[in-house]
Amino acid sequence: MTAAAAAVPDDPEYARIPDTPAKGTVILLNGTSSSGKSSIARALLDTLDGTWFHVPVDAFHSMRGGTPIADEDLQAEIDRTAKGFHRAVAGMAAAGNNLVVDHSLTRRWRLLDLLGLLEPRNTFLVAVRCPLPELERREKARGDRQPGLAALQYGQVHAHGTHDLDVDTSVLSPQECALRIRDLLRRRPSPTAFERFRRTAPVTG
């Protein structure tokens, strides 16, 4: 018997894949850069019952290494990252984890892709809004964002239609937004925005 074989316990539970609960709940925060999504997500982790993961798309972009990306290849790189991000989110939710997802649906294919991956009944789409002048002020104050990114995204990110909830971070604090989202989850609107989209939009995946 090899040392590796000897290290495996006789208990059959050692090899059994653990059972997981039903698919987790996904709160999808959809807003432009600097709209306040990450601040709301942090407030939600302190507000919601149970355990939750904050899963921001920026974290996936920050993992990228290697040689510099040529300008003509940048959009394809961003698209590949977004598609991988969507599948990581879907996998975590399918395993029964609750997620606060920080994303920008600046291209319609992103919504269509997510519609084919997430459970519509358990997905809640929240529009994180902020007037453009305030977005530009925040962007300048932060100094860690591409100048003009918020303006570029402003007319795109909420163009897909209905959300389950709208919050305006120019008038509401992150905690106030989190409380409204918590109330949304307790009401569990029917149908959800994702359920309505599924009835009319072509679904990928």
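Residues numbered from 1 in each chain as written. Predicted model: local features only at pLDDT ≥ 70, side-chain atom pairs only at ≥ 80, totals over all residues. Heavy atoms only, no water.

## Brief notes about the packing of aromatic side chains
Enumeration over the complete set of coordinates arrives at one aromatic pair. On the numbers, 5.0 Å between centres and 75 degrees between planes, the contact of F60 with F85 is edge-to-face. Linking F60 in helix 3 (residues 57-62) with F85 in helix 4 (residues 74-94), this pair joins segments that are 25 residues apart in sequence. Since its relative accessible area comes to 24%, F60 is described here as partly exposed. Note on F85: relative accessible area 1%, which makes it buried. (Phe/Tyr/Trp six-rings, centres within 6.5 Å; stacked < 30°, edge-to-face > 60°. Helix = DSSP H or I, 4+ residues; strand = E, 2+ residues; numbered from the N terminus. Buried < 20%, exposed > 50% of the residue type's maximum accessible area, 1.4 Å probe, protein only.)

## Digging into the side chain of H160
Inspection of the secondary structure puts H160 in the loop between helix 7 (149-154) and strand 5 (165-168). A relative accessible area of 14% means that H160 is categorised as buried. In this structure the side chain of H160 is engaged in a polar contact, spanning 2.4 Å, whose partner is the backbone oxygen of L105. Setting aside residues up to four positions removed in sequence, H160 forms contacts with L105, R107, R108, L111 and F197. (Polar contact = N/O pair within 3.5 Å; in protein donor to acceptor, adjacent residues only side chain to side chain. Contact = heavy atoms within 4.5 Å.)

## As for the packing of helix 5 (residues 108-115) against helix 9 (residues 193-200)
For the pair helix 5 and helix 9, interaxial distance at closest approach is 10 Å and the crossing angle is 100 degrees. With respect to helix 9, the element helix 5 is oriented roughly perpendicular. Between helix 5, through L111, L114 and L115, and helix 9, the contact on the second element is made entirely by F194, F197 and R198. Partitioned by chemical class, the residues of the contact of helix 5 with helix 9 number five nonpolar, no polar and one charged. (Axes fitted to C-alpha atoms, helices over the stretch in contact; angles between N-to-C directions. Parallel < 35°, antiparallel > 145°, perpendicular 65-115°, else oblique. Nonpolar A, V, L, I, M, F, W, Y, C, P; charged D, E, K, R; others polar.)

## Looking at the environment of S34
Its location among the elements puts S34 in the loop between strand 1 (26-31) and helix 2 (37-45). Setting aside residues up to four positions removed in sequence, S34 forms contacts with L135, R138, E139, R142 and R145. A polar contact of 3.5 Å, which involves the side chain of S34, links it to the side chain of R142.

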